[in-house]
Amino acid sequence: MPKQGKDARETGERAGALHSGAQAAASLEHALRSTNAAIDAVLKERASRLSIEETGSVLSIGSGIARVSGLADVQADEMVEFQNGVPGMAFNLDADEIGVVLLGTAGDIPAGSRVRRTGRVVDVPVGEGLLGRVIDVTAQPLDNLGPVAVAERRPVERPAPPIMARSPVTEPLQTGLKVVDALIPVGRGQRELILGDRQVGKTAIALDAIINQAKTGVLCIYCAIGQQGSAIAKFIAQLRRFNAMEYTTVLVAAGEEPPGVRFIAPYAATSIAEYFMEQGRDVLIVYDDLTSHARAYRELSLLLERPPGREAYPGDIFYIHSRLLERSTHLRPEYGGGSLTSLPIIETQAQNISAYIPTNLISITDGQIYLSPELFQKNQLPAVDVGKSVSRVGGKTQLPAYRSVTGDLRLAYAQFEELEMFARFGTRLDESTRSAIERGRRVRRVLAQPEYLPIPVAEQVAVLLAVSAGVLDDVEVENIPEAEKRIRAAVTANLPELCDKIAGGEALQEEDRAALIAAAGEAVGREGDESP
């Protein structure tokens, strides 16, 4: 073979070999890239996410308090978690240790066990799913109705709305109780204190107020603080009996719970109520009672060695309650337009309303409803002492029909009480004094009202007008309840348009007053007049 042809063949073979090698290399490179991409995807999907967790150890524990070392960066009110899952709240931030308030039963938390930060402050679930439920401070269900559906979580401690976000209190909150709605009215967005000795009907007033909201669109939150389980069960049973649980949430921090649970309960309940308020809803919240709340805070403070003050309460007990009750308000429309009305309840001892906690709360709230043991013993229920009770805001929101009827009723009733006390000495009384005493006794009997029977606005106005106009002067005092029933039935049946007018907030004209008095007179079997 000629040398030239041989070289050409070798050159072709080398070129083919190089081309084949290039193809193999490209194929190998593609396979490697695909493999690497698949490996990267798997690694990215399976990669463990590293997180920093700050832990400490328990130095000592007891009486609902734990002392913890470590946790150098923990914040005030931050939630921490012990190794058995029990939550706690960082309360004291000292240089050497952290004072933690337990938010559950300690269980098996030995000294030396681990505790970790959660990175969030103590919060509570909120949402529509809480309506009709009985829950604890962490929104865990206590009614065996399954898990609670929640919309979001909110801190239990939130700043009160600023002044510029608040609107004047303009609408009444009807309780259905004649003595309250007529003489001590409550407005939506108001804070009205209920106080009195033990077992005089404080909770009963709050229960009647909740039952009366059935057709008003007002949502209700009942916060039981330090109450006995049997009392709470009875309260819930009455709510269910009157179908009031449909618009009510019951938050329970029973007396056997640790003091930390009882301390944060009213704040958690207020956060739940604020969720609805900021949506433009009207909410009524009952704190039953803040005396137990103050005692729980005193217990925590003394266990954590905070300096005691008057009656061993810490110096900031006033601030503790004021920052809670300042969250009750009526918002301006641009901030939601809702309202939060609070009825805090406290217990006095031996009718001492000048004690430390009562005076604190009287100065914080917008009025008080005082219940007298003497009236309770006389079976004058609700046992409201009109002379010691006042509403500093609700009078501006009271329906015009009430103002035209009860303008002089409060003064006349107070004068009657003084005359009755004077008459006990057996002094000979003139005719006008005797008439005033007899009228006053009928007014007092009219203001009495059975429990669980709230009365509509128009019927209240009709009865109060009848007694102030003298329609019931010839009715024996023991027959007043029956006469009242007849008046209410007659007004509802014969004057439905006038009843709607009164409930709608229209003022009473002279012809309206005359029609109500005539209907009342016919109902009790005589013609009434307006002569005192």
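In this text, all values refer to a predicted model and were calculated from it rather than measured experimentally.

Enquirer: I tried to follow the sheet that holds strand β5 (residues 98-102) on my own but got confused; where do I start?
Expert: The strands that make up a sheet pair up through hydrogen bonds in the backbone, lying either parallel or antiparallel. Spatially, the 6 strands close up into a barrel ordered β1-β2-β5-β4-β3-β6, and their pairing is antiparallel. Strand-to-strand twist of the sheet, defined as the mean angle between neighbouring strand axes without regard to direction, takes the value 45 degrees. Against the sheet, helix α6 (residues 290-303) makes contact with β2 (65-70), β4 (87-93) and β5, and its axis sits at roughly 45 degrees relative to β2, the strand it touches most.

Enquirer: What's the story with the sheet that holds strand β10 (residues 193-196) in this structure? I'm lost.
Expert: Ordered in space as β8-β12-β11-β13-β14-β10-β15-β16, the 8 strands form an open sheet in which the pairing is mixed. Looking at strand neighbours, the two that pair on one side only are β8 (134-135) and β16 (390-391), the edges of this open sheet. Bridge analysis of β8 against strand β12 (residues 248-253) gives 2 bridges, and the strand direction is parallel. What sits directly across from Val134, in β12, is Val250. Across the face of the sheet, helix α4 (residues 229-241) comes into contact with β8, β11 (219-225) and β12 while running at roughly 175 degrees to β12.

Enquirer: Looking at this structure, I do not really get the pairing of strand β1 (residues 55-62). What am I missing?
Expert: Look at any regular strand and the pattern is simple: side chains alternate between the two faces of the sheet. Here β1 pairs with strand β6 (residues 114-121) via 3 bridges, running antiparallel. Of the residues in β6, the one forming a bridge with Thr55 is Arg116.

Enquirer: Would you mind going over the nonpolar core with me for this structure?
Expert: It is characteristic of soluble globular proteins that their nonpolar side chains tend to be buried jointly. By size, the foremost hydrophobic cluster in this structure holds 139 residues, and its most contacted members are Ile210, Ile487 and Leu516. When residues of this core are assigned to their parent elements, the largest contribution, 12 residues, is made by helix α5 (residues 259-277). When near neighbours in sequence (up to four residues on either side) are disregarded, Ile487 contacts Ala462, Val463, Ala466, Leu472, Ala520, Ala523 and Val524. In this structure, Val58, Ala66, Ala90 and Ile98 belong to the second largest nonpolar core, which totals 14 residues.

Enquirer: When you look at the environment of Gly62 in this model, what are you seeing that I'm missing?
Expert: Tracing the sequence through the fold places Gly62 in strand β1. Residue classification places Gly62 among the partly exposed positions, given a relative accessible area of 37%. In this structure, the C-alpha to C-alpha distance between Gly62 and Ile109, residues 47 residues apart in sequence, is 9.7 Å.

Enquirer: It is not clear to me how the packing of aromatic side chains should be interpreted in this structure. Could you clarify?
Expert: A ring pair, where both rings are aromatic, is described by two values, the distance of the centres and the angle of the planes. Under the counting rule described, the total for this entry stands at 9 aromatic pairs. Relative to Tyr452, the ring of Phe242 lies with its centre 5.6 Å away and its plane at 40 degrees, an arrangement referred to as tilted. Of this pair, Phe242 sits in the loop between α4 and β12 while Tyr452 sits in the loop between α12 (431-447) and α13 (457-468), and the two are 210 residues apart along the sequence. The class for Phe242 is partly exposed, based on a relative accessible area of 26%. Arranged with centres 5.2 Å apart and planes meeting at 20 degrees, the rings of Phe263 and Tyr297 form a pair that is stacked. With Phe263 in helix α5 and Tyr297 in helix α6, this residue pair connects regions lying 34 residues apart in the sequence. Grouping residues by exposure puts Phe263 and Tyr297 together as buried. An aromatic cluster is defined as three or more aromatic residues linked by ring pairs; in this entry it consists of Phe91, Phe263, Tyr267 and Tyr297. The lysine or arginine in question, Arg298, covers the ring of Tyr313, its NZ or CZ lying 4.2 Å from the ring centre.

Rules used in this analysis
- Residues numbered from 1 in each chain as written.
- Predicted model: local features only at pLDDT ≥ 70, side-chain atom pairs only at ≥ 80, totals over all residues.
- Heavy atoms only, no water.
- Pairing = 2+ DSSP bridges.
- Helix = DSSP H or I, 4+ residues; strand = E, 2+ residues; numbered from the N terminus.
- Axes fitted to C-alpha atoms, helices over the stretch in contact; angles between N-to-C directions.
- Contact = heavy atoms within 4.5 Å.
- Core = buried A, V, L, I, M, F, W, Y, C linked by side-chain atoms within 4.5 Å.
- Buried < 20%, exposed > 50% of the residue type's maximum accessible area, 1.4 Å probe, protein only.
- Phe/Tyr/Trp six-rings, centres within 6.5 Å; stacked < 30°, edge-to-face > 60°.
- Lys NZ or Arg CZ within 6 Å of the ring centre and 35° of its normal.

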